[in-house]
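# Tertiary structure, described
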Amino acid sequence: MKKIRLLLVDDETDFLHAYTRRFIRRNAEIESAQSGEEALEKIEGGRFDVVILDVMMPGMSGLETLRRIKALHPELPVIILTGHANSKALIEGMESGAFDYLLKPVGTDELYFKVLDAVRARRLPSD
């Protein structure tokens, strides 16, 4: 199976380090960004299969980052994560084109299976 290329976007360094190690063990290629601006730069410079994006970040919010990603790359699946069960933000994220959302803390298996779902959905022929 081809390695899945992931971009992890979160301002929490511990989260990035932990999930980078966990996904590398699952044969994924990982890049990380700690801001929306950095994520957009990396997306322009590389090819990713899935973006995992935190909603609450300083500077450009995760939702604004999501809108910009989808404007540039509408086919790129973005899974949003939030530590707050804010239904307004989640609805806005889904309406802005997120593939799905998960609440933090999220288990590695749960997040990994959601990534696999996003990769499969992207590879399916459109109707």
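Remember, it's a predicted structure, so these values are computed and weren't measured experimentally.

## Thoughts on the nonpolar core
Counting 22 residues, the largest nonpolar core has L6, Y19, F23, I52, L111 and V115 as the members making the most contacts within it. Contributions of two or more residues to this core are made by β1 (4-9), α1 (13-24), β2 (28-33), β3 (50-54), β4 (78-82) and α5 (108-123). For this core, the element with the most residues is α5, which contributes six residues. Not counting residues up to four positions away in its chain, the partners in contact with L111 are Y19, F23, I52, I79, L81, L102 and V106. Of all hydrophobic cores here, the second largest spans 21 residues; its members include L40, V51, L63 and L90.

## Observations concerning the packing of α1 against α5
Where α1 contacts α5, the axes come no closer than 11 Å and their chain directions differ by 65 degrees. The handedness of the crossing between α1 and α5 is right-handed. Each of Y19, R22 and F23 in α1 lies in contact with α5, whose residues at this interface are T108, L111, Y112 and V115. Here the contact of α1 with α5 is built from residues that sort into five nonpolar, one polar and one charged.

## Considerations on the pattern of salt bridges
In total, this model carries 16 salt bridges according to the counting rule given. Here E31 ties to R5 by a salt bridge, and the two come within 3.5 Å at their closest N and O atoms. Of the two residues, E31 sits in strand β2 while R5 sits in strand β1, which places them 26 residues apart along the sequence. Using a relative accessible area of 30% as the deciding quantity, one classes E31 as partly exposed. According to the relative accessible area criterion, R5 is partly exposed, its value standing at 24%. With a closest N to O distance of 3.7 Å, E75 and R122 form a salt bridge.

## Quick look at helix α4 (residues 87-95)
Listing the buried residues of α4 in full gives A89, L90 and G93. One side of α4 holds all its buried residues, which, seen down the axis, span an arc of 100 degrees. Structural note: α4 exposes S87, K88 and E95 on the side pointing more than 90 degrees away from its buried face. Residues of α4 that are buried make contact with α3 (62-72), β4 and β5 (100-103). Positive phi appears at G97, one or two residues downstream of α4, with a value of about 110 degrees.

Cut-offs applied
- Numbering of residues begins from 1 in every chain and follows the order in which that chain's sequence is written.
- This being a predicted model, a pLDDT of at least 70 is required before a residue's local features are given, and a value of 80 or more before pairs of side-chain atoms are given or counted; all residues contribute to the totals for chains, interfaces and linings.
- Derived side-chain values reflect all non-hydrogen atoms in the structure, with water molecules and hydrogen atoms excluded from consideration.
- The set of buried Ala, Val, Leu, Ile, Met, Phe, Trp, Tyr and Cys residues whose side-chain atoms join them within 4.5 Å is what this entry labels a nonpolar core.
- Each residue gets one of three labels from its accessible area relative to the maximum for its type: buried under 20%, exposed over 50%, partly exposed in between, using a 1.4 Å probe on protein chains only.
- Helical segments are the DSSP runs of H or I of at least four residues, strand segments are the runs of E of at least two, and each set is numbered from the N terminus.
- Contact criterion: two residues are considered in contact whenever any of their non-hydrogen atoms come within 4.5 Å of each other.
- With axes taken as lines fitted to C-alpha atoms, and helix axes fitted only over the stretch in contact, angles between N-to-C directions fall between 0 and 180 degrees.
- Two helices cross in a left-handed way if the nearer one is turned anticlockwise from the farther one by less than a right angle. They cross in a right-handed way if the turn is clockwise.
- Residues are sorted three ways: Asp, Glu, Lys and Arg are charged, Ala, Val, Leu, Ile, Met, Phe, Trp, Tyr, Cys and Pro are nonpolar, and all the rest, Gly among them, are polar.
- When a carboxyl oxygen of Asp or Glu lies within 4 Å of a side-chain nitrogen of Lys or Arg, that pair is called a salt bridge.
- The arc in question is traced by the directions running from the helix axis to the C-beta atoms.

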